[in-house]
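Notes for the structure review
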Amino acid sequence: MTGQAMIQNPVPWPNGAKCACCVTFDMDADSLIHLDHPKDGYRRASAISMLQYGPNVAIPRIVETYRRLGIRQTFFIPAWCMETYPDAVEAILKGGHEIGQHGYLHENPVHQSREEQAEWMDRSIEVIDRMTGQHPRGWRAPLYNFSNHSAELLIERGFRYDASLMGDDVPYIVDGKGGSFVELPSHWGLDDWPQYVQSMDLDYMMPIRSPKTGWEPFVQEFEAAYRHGGLWVPVVHPFATGRLSRWEVVASFLENVLSRGDVWFAPMEEIAAHVEKVTQNGQYTPRRVAMPQYAGPVTV
Ligand SMILES: [Zn+2]
């Protein structure tokens, strides 16, 4: 390994931790099928069962692992999935985990007008308020589809962070109309769909990796974040990474890295709050990005 510091502006993490980590599970359940196939999605029983494995089987397993390891993490859940799978929501809340907003039926904000996006966002916030007793602090756009209206809509509604963008190795600040929020970036290399998802119904066909091979990119990403003071935010899905053999691999990885004693696992809201705190007290100067970046199509 080279001794070069590869992150120019690492965040001072709490208690001298080498990196900040949050395994974010997006519990999309079968919203994807009904969204992709509005006419006949309800008839696609096998695909539905594959996706329902998430709330019904994987969530209790994941929550139990976290309880055993003594960590709290974040789950992003479309509001329709919360209403349809209240037991999964209850198990997550009982474990002390954070629930972040992730659309209503996983609809795509980039295809919506500002008014449409605002309407679905408000409908989803109402469900989170009602089912968790707390206003959502964070948002991840369905399929990372952060639109040119998203920053302004999030600021208007008091969101503290977003988790949809991919612009850095460490958190940064997004400035929009009327305010700002913390961006906790991830990227496709930390997403489990390319490793494990093969579904003709979802038109997504990847060669399925073995559990250890599929998790290997996440391990390498972790080690780089650990060496350089980065942020490690896997974007994983209960129906994919929560399957028996795969979760066995992840659970033993988590146990191992936690035993190092110098990594910080926390819900996304706590990582965002830490970044706000060290920014305000002058310990840290984050990079700032104004959004939306472009007012219209780029012409040359
Ligand atoms: Zn999703």
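We now turn to the structure provided with this report.

How each quantity is defined
- Residues numbered from 1 in each chain as written.
- Predicted model: local features only at pLDDT ≥ 70, side-chain atom pairs only at ≥ 80, totals over all residues.
- Heavy atoms only, no water.
- Helix = DSSP H or I, 4+ residues; strand = E, 2+ residues; numbered from the N terminus.
- Rg over C-alpha atoms; globule rule 2.2 N^0.38 Å.
- Buried < 20%, exposed > 50% of the residue type's maximum accessible area, 1.4 Å probe, protein only.
- Contact = heavy atoms within 4.5 Å.
- Pairing = 2+ DSSP bridges.
- Axes fitted to C-alpha atoms, helices over the stretch in contact; angles between N-to-C directions.
- Parallel < 35°, antiparallel > 145°, perpendicular 65-115°, else oblique.
- Left-handed = near helix turned anticlockwise from the far one by under 90°.
- Nonpolar A, V, L, I, M, F, W, Y, C, P; charged D, E, K, R; others polar.

Looking at the overall build of the chain
- Along the chain, the regular secondary structure elements total eleven helices and 14 strands.
- Relative to its length of 300 residues, the chain is compact, with a C-alpha radius of gyration of 19 Å against a globular reference of 19 Å.
- Put simply, the chain has 300 residues, and 53% of those count as buried.
- Contacts in the chain between residues far apart in sequence, at least 24 positions, make up 70% of those at least 6 positions apart.

Things to note about the pairing of strand S3 (residues 74-77)
- Along S3, one buried face is formed by Thr74 and Phe76 and the opposite face, lined by Phe75 and Ile77, is buried too.
- Summarising the sheet, strand S2 (residues 24-26) and S3 pair through three bridges and their orientation is parallel. Within the sheet, the bridge partner assigned to Phe25 lies in S3 and is Phe75.
- The sheet contact formed by S3 and strand S4 (residues 98-101) spans four bridges and is parallel. Paired with Phe75 across the two strands is Ile99, which belongs to S4.

A short note on the packing of helix H2 (residues 45-69) against helix H10 (residues 244-258)
- Look at H2 against H10: their axes get within 11 Å of each other, and the N-to-C directions meet at 20 degrees. Regarding the angle of H2 to H10, the classification is roughly parallel. In the crossing of H2 with H10, the sense of the turn from one axis to the other is right-handed. Of the residues in H10, those touching H2 at Tyr53, Arg61, Ile62, Thr65, Tyr66, Arg68 and Leu69 are Leu244, Trp247, Ala251, Leu254, Glu255 and Leu258.
- Residues that form the contact of H2 with H10 fall into these classes: nine nonpolar, one polar and three charged.

Quick notes on the environment of Gly3
- In this structure, Gly3 sits in the segment before strand S1 (20-21).
- Note on Gly3: relative accessible area 81%, which makes it exposed.
- Along the primary structure Gly3 and Ser259 are separated by 256 residues, whereas in three dimensions their C-alpha atoms are 24 Å apart.

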